[in-house]
Amino acid sequence: MTDLPYASEAAQRRTFAIISHPDAGKTTLTENLLQAAGAIHLAGQVRARGENRRTSSDWMRIERERGISVSSSVMTFDYQQLIFNLLDTPGHEDFSEDTYRTLTAADSAIMVLDAAKGIEPQTLKLFEVCRLRDIPILTFINKMDREALDPLELMDEISDKLALDVTPMQWPAGSGKRFRGVQDLRDNTFLPFEAQSKPGQTRRLNLDDPQMDGFLPDDQREELSEAAELASEACPSFNIQSYLEGHLTPVYFGSALRHFGITELLNALATHAPSPKGTKAQTNGQETIIEPGSAQTSGFVFKVQANMDPNHRDRVAFTRLASGKFKRGMKLKTTAGKVMSINAPIMFFAQDRGIAEEAYAGDVIGIPNHGALRVGDSLSESGKVQFAGIPNFAPELLRRARPRDPMKAKHLRKALESLAEEGVTQLFKPVIGADMILGAVGQLQIEVTAERIAEEYKLDVIFEVSPYTVARWVKAQDRKELENFVDKHKMQMAEDVDGDPVFLGKTPWEIGYAQEKFPKIDFLTTKER
């Protein structure tokens, strides 16, 4: 059943994420997109210590001090009679799992590349996540006001490393000190680069306009003309269907720091990026597609964040709506039968919030709760809709956690459990002993966890080297087989925050040896929540 008003409201939504390698300029771009759309008046640049202005998307103290993004945030804004939901993802590779979860809620993505560096390792990793979900990607080549790689070389690199068709929508005139602007390859106009320009104020000139003489010397104009012609011939024409299927990426050039190219990127999102589509789910055990215009309100939790407001012990479930019309005060049920009366739903603008009176498919709302909702939970009016789970990945670092004050062990356990439920890290409780083993992708996760525990829970935690280096979830078709394995390896067994069994190995070889000895046991590197 489809309700046309709901479908038309969903069609006005553009829910997108921004992905990049650290330092490619993602947070600066985020700020200036918001400014270009009129959502903020002064964009906060990412700076290290000493910067007075805060960026809207980086709300944690560690983010503001180090000039990096380590958490996902959501920003909703209007532009061209559309509603945009911008999902800002962590740029640091140690938080790639948080990025993956956020991408499950996005309909498209902007990939930000540093013009001097091209495709970097983390960019490649995040792109593979997008490819798993066939997410359409717009590419923004940033920092053209600095010395850059040859644009054709960048096109080849995107095409070769990402196996994508590449369509430049613009072509740059020089880079660094020679950067003069970009030529729009679709209508052959020129957008001159003016370092002090503001979003929405970029001029657009015809190529034969006499004012062009003031921006491009004759030799550079000829160079641009030849390069633009070569690019148009060498690259495929833009095909909207190919883009929507995730096979082709349109490419734009600019400088986020200098506000150049931002409005054109926003316009491209408005014109090309998809509105919400149907979402795979199970209803009463049957595979189905939940359409955005369906009458029943439904959605799924892709992130949980505690203590966004340091004055209150708040806990907010970020929920992507998949269908229907959400109204403040309505009751939604989880598939486990929990009934949630949602009286104070939140619309996000980074660290600022407002009450959501209503929302539609594609929107992201925050549901305050005290532990009732977890990452991966499905919500619907009937309680019978189950969306695909969101995976946890096996950690690459294991550390033993203990409080500096032994009397605070119980408080530390609660703090670690809360952060593990958010997905910041993973927590494993050994079956024997009182140790708490923290699992993380990288060292920065450990540092962020220690800082958040100190700031939000007033606890001093020590992370020591663990005797274990590998963790695998264990599963078996035959329950007795699993019980037998657990019984023989009690010293190395643990439980995660969901109570599922985990085998802790001292080396990868030990995992392989256990697999040989117990072929009916599955040793899993991912687990759906």
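Everything here concerns the structure above.
As the structure is a prediction and not an experimental result, all values here were calculated from the model.

Enquirer: I'd like a rundown of the packing of aromatic side chains, residues and numbers included.
Expert: For the coordinates displayed, the defined rule picks out 16 aromatic pairs. Ring pairs connect the aromatic residues Phe 16, Phe 77, Tyr 79 and Phe 84, which therefore count as one cluster. It is Lys 303 that lies over the ring of Phe 318; its NZ or CZ is 5.6 Å from the centre.

Enquirer: Quick rundown of the sheet that holds strand β28 (residues 436-440)? Include the residues and the values.
Expert: In spatial order, the strands read β29-β26-β28-β27-β31-β32-β30-β33; together these eight strands make up an open sheet with antiparallel pairing. Strands at the two margins of the open sheet, each flanked by one partner only, are β29 (461-465) and β33 (522-524). The sheet shows a mean angle of 40° between the axes of neighbouring strands, taken without regard to direction. Sheet topology places strand β26 (residues 397-403) next to β28; five bridges connect them, and they run antiparallel. Bridge pairing in β28 places Arg 400 opposite Ile 437. Along the sheet, helix α11 (residues 443-457) makes contact with β26, β28 and β29, crossing β29 at roughly 155°.

Enquirer: Describe the sheet that holds strand β7 (residues 170-173), with residues and values.
Expert: Whether parallel or antiparallel, the strands of a sheet pair through hydrogen bonds between backbone atoms. The sheet built from four strands is open, its strands ordered β7-β8-β9-β10 with antiparallel pairing. The sheet is open, and its two borders are formed by β7 and β10 (205-206), each paired with just one other strand. As paired elements, strand β9 (residues 189-192) and β10 share two bridges and run antiparallel to each other. Across the sheet, the residue bridging to Phe 190 is Leu 205, located in β10.

Enquirer: Which residues make up the nonpolar core, and what are the values?
Expert: The biggest cluster of nonpolar side chains holds 75 residues, and the ones touching the most others in it are Ile 141, Met 155, Ile 158, Trp 171, Phe 253, Phe 326 and Ile 367. For this core, the element with the highest residue contribution is strand β15 (residues 315-323), accounting for five residues. Not counting chain neighbours up to four residues away, the residues in contact with Ile 141 comprise Leu 113, Ala 115, Leu 154, Met 155, Ile 158, Val 251, Tyr 252, Phe 253 and Gly 254. Leu 33, Met 75, Ile 110 and Ala 256 belong to the second-largest nonpolar core, a separate cluster that totals 31 residues.

Enquirer: Describe the packing of helix α2 (residues 26-36) against helix α9 (residues 262-272), with residues and values.
Expert: Where α2 meets α9, the axes come as close as 9 Å, and the angle between the chain directions of the two elements is 80°. Taken together, the axes of α2 and α9 lie roughly perpendicular to each other. In this structure, α2 contributes Leu 29, Asn 32, Leu 33 and Ala 36 to the contact, and α9 contributes Ile 262, Thr 263, Leu 265 and Leu 266. Taken together, the residues that form the contact of α2 with α9 break down as six nonpolar, two polar and no charged.

Enquirer: So what about the side chain of Thr 425? Which residues, and what values?
Expert: Along the chain, the position of Thr 425 falls in the loop between α10 (409-422) and β27 (426-430). A relative accessible area of 3% means that Thr 425 is categorised as buried. Every residue in contact with Thr 425, bar those within four places of it in the chain, is listed here: Leu 419, Ala 420, Leu 438, Gly 439, Ala 440, Gln 445 and Thr 449.

Enquirer: I'd like a description of a negative patch on the surface, backed by residues and values.
Expert: A grouping of Asp 218, Asp 219, Glu 222, Glu 226, Glu 229 and Glu 233 is seen on the molecular surface, where their side chains present a negatively charged patch. Locating Glu 229 in the fold gives a position in helix α7 (residues 218-234).

Enquirer: Requested: an account of the pattern of salt bridges, with residues and values cited.
Expert: Under the definition given, this model contains 25 salt bridges. The shortest N-O distance in the salt bridge between Arg 404 and Asp 460 comes to 2.8 Å. Taken together, the residues Arg 404 in the loop between β26 and α10 and Asp 460 in the loop between α11 and β29 connect sequence positions 56 residues apart. The class for Asp 460 is partly exposed, based on a relative accessible area of 43%. With its nearest N and O atoms 2.7 Å apart, the salt bridge here joins Asp 496 to Lys 527. Of this pair, Asp 496 sits in the loop between β31 (493-495) and β32 (501-505) while Lys 527 sits in strand β34 (residues 526-528); the two residues are 31 residues apart in sequence, bridging distant segments of the chain. In terms of burial, Asp 496 and Lys 527 fall into one category: buried. The structure contains a network of salt bridges with shared partners spanning Arg 374, Asp 496, Asp 498, Asp 500 and Lys 527.

Enquirer: Please provide a residue-by-residue account of a nonpolar patch on the surface, values included.
Expert: The grouping of Val 431, Ile 432 and Met 491 at the surface amounts to a nonpolar patch, some 300 Å² of accessible area in total. Mapping Val 431 onto the fold places it in the loop between β27 and β28. Overall, Val 431 belongs to the partly exposed group, its relative accessible area being 47%.

Enquirer: Before we move on, could you go through the pairing of β27 and cite the residues and values that matter?
Expert: Taken residue by residue, a regular strand's side chains alternate between the two faces of the sheet. Of all five residues making up β27, four are buried, and the element is well covered by its neighbours. Bridge analysis of β27 against β28 gives three bridges, and the strand direction is antiparallel. Counterpart to Phe 428 in the pairing with β28 is Ile 437. Count of turn residues in the β27/β28 antiparallel hairpin: five residues, of which Gly 433 carries a positive phi of about 100°. In this structure, β27 lies alongside β31, joined through two bridges in antiparallel fashion. Within β31, the residue paired with Pro 430 across the bridge is Ala 494.

Conventions used here
- Per chain, residue numbering runs from 1 following the sequence as it is written.
- A pLDDT threshold of at least 70 governs which residues receive local features in this predicted model, and a stricter bar of 80 or more applies before side-chain atom pairs are shown or counted, although totals over entire chains, interfaces and linings include all residues.
- Side-chain numbers come from the whole structure's heavy atoms, not from hydrogens or water.
- Aromatic rings from Phe, Tyr and Trp, with only the six-membered ring used for Trp, were paired whenever their centres fell within 6.5 Å, and each pair was classed as stacked if the ring planes differed by under 30 degrees, edge-to-face if by over 60, and tilted otherwise.
- Two conditions define a charge sitting above a ring: the NZ of Lys or the CZ of Arg must be within 6 Å of the ring centre, and it must be within 35 degrees of the ring normal.
- Should DSSP find at least two bridges between two strands, the strands are regarded as paired.
- Here a helix means four or more residues in a row that DSSP labels H or I, a strand means two or more in a row labelled E, and each is numbered from the N terminus.
- In this analysis an axis means a line fitted to C-alpha atoms, helices contributing only their contacting stretch, and an angle means the value between N-to-C directions, from 0 to 180 degrees.
- A contact between two residues is defined here by any heavy atoms of the two lying within 4.5 Å.
- Among the buried residues, those of types Ala, Val, Leu, Ile, Met, Phe, Trp, Tyr and Cys that are joined through side-chain atoms within 4.5 Å form a nonpolar core.
- Three exposure classes are used, based on accessible area relative to the maximum for each residue type with a 1.4 Å probe and protein chains only: buried under 20%, partly exposed in between, and exposed over 50%.
- To sort the angles, those under 35 degrees are grouped as roughly parallel, those over 145 as roughly antiparallel, those from 65 to 115 as roughly perpendicular, and the leftovers as oblique.
- Side-chain classes follow a simple rule in which Ala, Val, Leu, Ile, Met, Phe, Trp, Tyr, Cys and Pro form the nonpolar group, Asp, Glu, Lys and Arg form the charged group, and the remainder, Gly included, forms the polar group.
- What makes a patch is a set of residues exposed beyond 30% relative accessible area and free of salt bridges, joined within 9 Å when like-charged and within 5 Å when nonpolar (Val, Leu, Ile, Met, Phe, Trp, Tyr).
- Per-residue and other accessible areas follow the Shrake-Rupley method at a 1.4 Å probe size, with only the shown protein chains counted as cover for residues.
- Each salt bridge in this description consists of a side-chain nitrogen of Lys or Arg and a carboxyl oxygen of Asp or Glu lying within 4 Å of one another.
- Positive charge is attributed to Lys and Arg, negative charge to Asp and Glu, and no charge count is given to His or to the chain ends.
- Charge coordinates come from a single atom per side chain, which is NZ of Lys, CZ of Arg, CG of Asp or CD of Glu.

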